[in-house]
Amino acid sequence: MTVLFVIFRGFITRLLNRRRFFWLALIGAAPAPILFLIAQSESSDSVVSLYNDLTVTLGMSTLYPVVALIISTAALGQEWKSGTLPFLLVKPVSRWGIAAGALAAAAVASFVVIEAGVLLTWLVAGLVGGDWSVGLATTVAVAIQSVASAAIFVPLGLILGRATLVGLGYLLIWEGILSSIIAGIQASSVYRIVVSAWADLASLDLDNLTLVLDIIGRVEVGIGGAVAKVSIMALVSVMLTGLVLRHRDLIGE
Amino acid sequence: MTDARHVSDPTVVATNLSKWFGPKVAVSQVDCSFGPGVTGLLGPNGAGKTTFLRLLAGLASPSTGEVSVLGRAPRRDPSIYRLLGFVPEDETVYEHMTARRFVEWSAALTKVADPVQAARRALQSVELTENADRLLSTYSKGMRQRAKVAGALVHDPQVLLLDEPLNGTDPIQRARLIEIVRRLGEAGHTIIVSSHVLREVDRMAGRVVAMVDGRIAAAGTVSTLRDAMSDQPRLIRIDTDLPRSLARRLLAKEWIEAVRIDQAGVDIRTSDARALGGDIARAAQEVGAIVTSVSPEDESLESVFSYLVETR
């Protein structure tokens, strides 16, 4: 068993405790009952279109990033605040190794929790709309979103005491407002990068496509570009987190 | 006192070490070294012990100066943690882990060949085997301390830094931990243990380094510290059948500063305990008193330490 895996396992066990999983999965699953209720009066085709709308405008824009924010800021933030970080830092493991383990665990934990909700919504779309393929694109997009969110929020949790609050501010102001009105920064918007990957894989009707193009603005549709951008984000995040771990003073007195 | 701050075979060296946080100086120009055996790091709360130990452990950067553990700087070279163990003062543990899991996790991260067996041995050494599969969240403070010690010594480190490991332990647990620390020290490990429970430090440490206000106030064995304070008044208790006569006879000497008489004996404060010791038998013979015991009243580490603090 490699040291990196031991670190990863330690983080993920802590992040995926039962209570946290339950409540956060409920947030991620919120589109499912909404879809179910609205779908009662819709045709099958409309249900798929509705699923796509809900996924993009509610899931990927708000619910999934909030879930990933809460999980990712806790990865190292919880270690720091609870005073257990010294246990980890007095091990013969490079700080970048610890950072990589934390990022991987935060991404996987976020994906698992969000995907539980995605599966439920997928199930509703399949049962009511009859299309069982809709969730595949969402699953891939959630994986990309989980890594991107972990890349931003894991170091944030280590640097700031109120990382969750600051992260919510970031989601609202940067992702929600500024990226909508300033075209020049849209390429750096995680939401838009994720939607661009999702749009590449999902089967979209004209309404959906119009919506997606409105959202992503200058970002080109394509999973390759999204994966490349998120990979760079993850790399930079590991470097930054490693540096913070290396220079952070842990004084208890 | 300067020489006593250093040992001839150092494994841990602090050179001109200082740490400050804004205007607050936590550790100030500490120059000292530690070698195999147990060294007690003494000081009142706020003396800078925890900051000093964390500097040694590489968990904080010095504002000035350097730390060397086995010739390496822990802050820059995490590989040193294969040879270094650290037990933090905080009561915090990984509450979602059992003690066994925590110690196995520590063993795996320190690259021990057989983490399961090493964890079993470490848990056995702190006598936690029976409760090893309970969650750490259910442990008492003393049990948590022992679990942390097991986690720190699972890879058999050459240097072990223990920050107040006796905090919150009951007398039996304390005795066990003291025995473990003594055993490790006797086996040639370098152990630095901070504490304000001075009697326990006296029982486990061959050498004492006293910190006050971030500085080293004194260093050496308990007896050398005592010698270093030879100009300090000492309180000696003499049990005798004729306390009044004996006190009258001894009061003639210039090194007697004060005397308190009761029915069973006499307490004497003297500026020269050695001279008093040499004169007691003669004085008793002269007045015909039977002396049943002579004992220092203030030779505990507490009093040594309070002298150090008061005379700075």
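Along each chain, residue indices are assigned from 1 in the same order as the chain's sequence is written. Chains carry letters and ligands carry numbers; both start at the beginning, A for chains and 1 for ligands, and go up in the order they are written. Given that the model is predicted, a residue must reach a pLDDT of at least 70 before its local features are reported, and side-chain atom pairs must reach 80 or more before they are shown or counted; all residues, however, enter totals for whole chains, interfaces and linings. Side-chain figures throughout are based on the complete set of non-hydrogen atoms in the structure, without hydrogens or water.

## Here's the deal with the environment of Ala205 of chain B
Residues and elements named next belong to chain B. Tracing the backbone shows Ala205 in the loop between helix H6 (198–204) and strand S8 (207–212). Note: C-alpha distance between Ala205 and Arg244 (39 residues apart in sequence) is 40 Å. Here, two residues are considered to be in contact whenever any of their heavy atoms come within 4.5 Å of each other. Excluding residues within four positions of it along the chain, Ala205 makes contact with Val38, Thr39 and Gly40. Every helix listed is a DSSP run of H or I at least four residues long, and every strand listed is a run of E at least two residues long, numbered separately from the N terminus.

## Here's the deal with the packing of helix H4 (residues 141–153) of chain B against helix H5 (residues 171–186) of chain B
All names here are of chain B. To get an axis, a line is fitted to the C-alpha atoms, and for a helix only the part in contact is used. The angle between two axes follows their N-to-C directions and goes from 0 to 180 degrees. At a minimum axis separation of 10 Å, H4 and H5 run at an interaxial angle of 15 degrees. Considering their axes alone, H4 and H5 lie roughly parallel with respect to each other. In this structure, H4 crosses over H5, and the sense of that crossing is left-handed. Contacts between H4 and H5 pair Gly142, Met143, Arg146, Val149 and Leu153 from the former with Gln173, Arg176, Leu177, Ile180 and Leu184 from the latter. Basically, the charged four are Asp, Glu, Lys and Arg, the nonpolar ten are Ala, Val, Leu, Ile, Met, Phe, Trp, Tyr, Cys and Pro, and anything else, Gly included, counts as polar. Taken together, the residues that form the contact of H4 with H5 break down as six nonpolar, two polar and two charged. Angles below 35 degrees are treated as roughly parallel, those above 145 as roughly antiparallel, those between 65 and 115 as roughly perpendicular, and all remaining angles as oblique. Crossings are assigned a handedness: left-handed for a near helix turned anticlockwise from the far helix by less than a right angle, right-handed for a clockwise turn.

## Some remarks on the confidence of the model for chain B
The pLDDT averaged across chain B works out to 87; a share of 90% of its residues lies at or above 70. This complex was scored by the predictor with a pTM of 0.82 and an ipTM of 0.85. On a range of 0 to 100, pLDDT expresses the predictor's confidence in each residue.

## A look at the nonpolar core
What is meant by a nonpolar core is a set of buried Ala, Val, Leu, Ile, Met, Phe, Trp, Tyr and Cys residues, joined one to another through side-chain atoms within 4.5 Å. Accessibility here uses a 1.4 Å probe with only protein chains present; expressed as a share of the type maximum, an area under 20% marks a residue as buried, one over 50% as exposed, and anything in between as partly exposed. Ile98 and Trp198 of chain A together with Phe52, Leu56, Trp105 and Leu161 of chain B are the most contacted members of the largest nonpolar core, which has 149 residues in total. The greatest single-element share of this core, amounting to 15 residues, is contributed by helix H4 (residues 44–82) of chain A. With residues near it in sequence (within four places) discarded, Leu161 of chain B still touches Leu53, Leu56, Ala57, Leu84, Gly85, Phe86, Val87 and Ile192 of chain B. Counting residues in each nonpolar core, the second largest holds 13 residues, with Ile236, Leu250, Ile268 and Ala283 of chain B among its members.

## Quick look at the sheet that holds strand S11 (residues 256–261) of chain B
All names here are of chain B. Only strands that DSSP links by at least two bridges are regarded as paired with each other. Pairing in this open sheet of four strands is antiparallel, and the strands run S11-S12-S10-S13 from one edge to the other. Two strands in the sheet have a free side with no partner beyond their single neighbour: S11 and strand S13 (291–296). Across the sheet, the mean angle separating the axes of adjacent strands is 20 degrees when strand polarity is ignored. As paired strands, S11 and strand S12 (residues 265–270) are joined by five bridges and run antiparallel to one another. The residue of S12 that forms the bridge with Arg260 is Asp267. Across the sheet, helix H8 (residues 243–250) lies against strand S10 (234–240), S11, S12 and S13, angled at about 170 degrees from S11, the strand it touches most.

## Let's talk about the packing of aromatic side chains
Pairing of aromatic side chains requires ring centres within 6.5 Å, counting the rings of Phe and Tyr and the six-membered ring of Trp. Pairs whose planes differ by under 30 degrees are stacked, by over 60 edge-to-face, and all others tilted. Going through the model one piece at a time under the given rule, you end up with nine aromatic pairs over all chains. With a centroid separation of 6.2 Å and 45 degrees between ring planes, the pair formed by Phe34 of chain B and Phe52 of chain B is classed as tilted. Here Phe34 of chain B is found in strand S2 (residues 24–34), whereas its partner Phe52 of chain B is found in helix H1 (residues 49–57), with 18 residues between them in sequence. Taking relative accessible area as the criterion, Phe52 of chain B reaches 0% and is therefore assigned buried. Put simply, the rings of Phe87 of chain A together with Tyr94, Phe102 and Trp105 of chain B pair up and form one aromatic cluster. Above the ring of Trp80 of chain A, the side-chain terminus of Arg248 of chain A is found at 4.2 Å from the ring centroid. Two conditions define a charge located above a ring, namely a distance within 6 Å from the ring centre to NZ of Lys or CZ of Arg, and an angle within 35 degrees of the ring normal.

## As for the sheet that holds strand S9 (residues 215–220) of chain B
All names here are of chain B. The sheet built from six strands is open, its strands ordered S5-S6-S7-S3-S8-S9 with mixed pairing. Each edge of the sheet is formed by a strand with only one pairing partner; in this case those strands are strand S5 (84–87) and S9. Taking the axes of each pair of neighbouring strands and ignoring which way they run, one obtains an average angle of 15 degrees across the sheet. As defined by bridge partners, strand S3 (residues 37–42) adjoins strand S7 (residues 190–195) across six bridges and the pair is classed as parallel. Across the sheet, Leu42 pairs through a bridge with Ser195, a residue of S7. Its contacts with the sheet place H4 against S5 and strand S6 (159–163), and it is angled at close to 165 degrees to S5. Taken strand by strand, H5 contacts S3, S6 and S7, and its axis lies near 130 degrees from that of S3.

## Here we look at the pattern of salt bridges
Residues and elements named next belong to chain B. Note on definitions: salt bridges are taken to be side-chain nitrogens of Lys or Arg within 4 Å of carboxyl oxygens of Asp or Glu. What the rule picks out here adds up to 16 salt bridges over all chains. We note a salt bridge from Glu164 to Lys49, for which the minimum N-O separation is 3.6 Å. Placement of the pair is Glu164 in the loop between S6 and H5 and Lys49 in helix H1, with a sequence separation of 115 residues. Comparing Glu164 with Lys49, the two get one shared label, buried. Glu127 is paired through a salt bridge with Arg176; the nearest N and O atoms lie 2.8 Å apart. In this pair, Glu127 is assigned in the loop between helix H3 (115–125) and H4 and Arg176 in helix H5, connecting sequence segments 49 residues apart.

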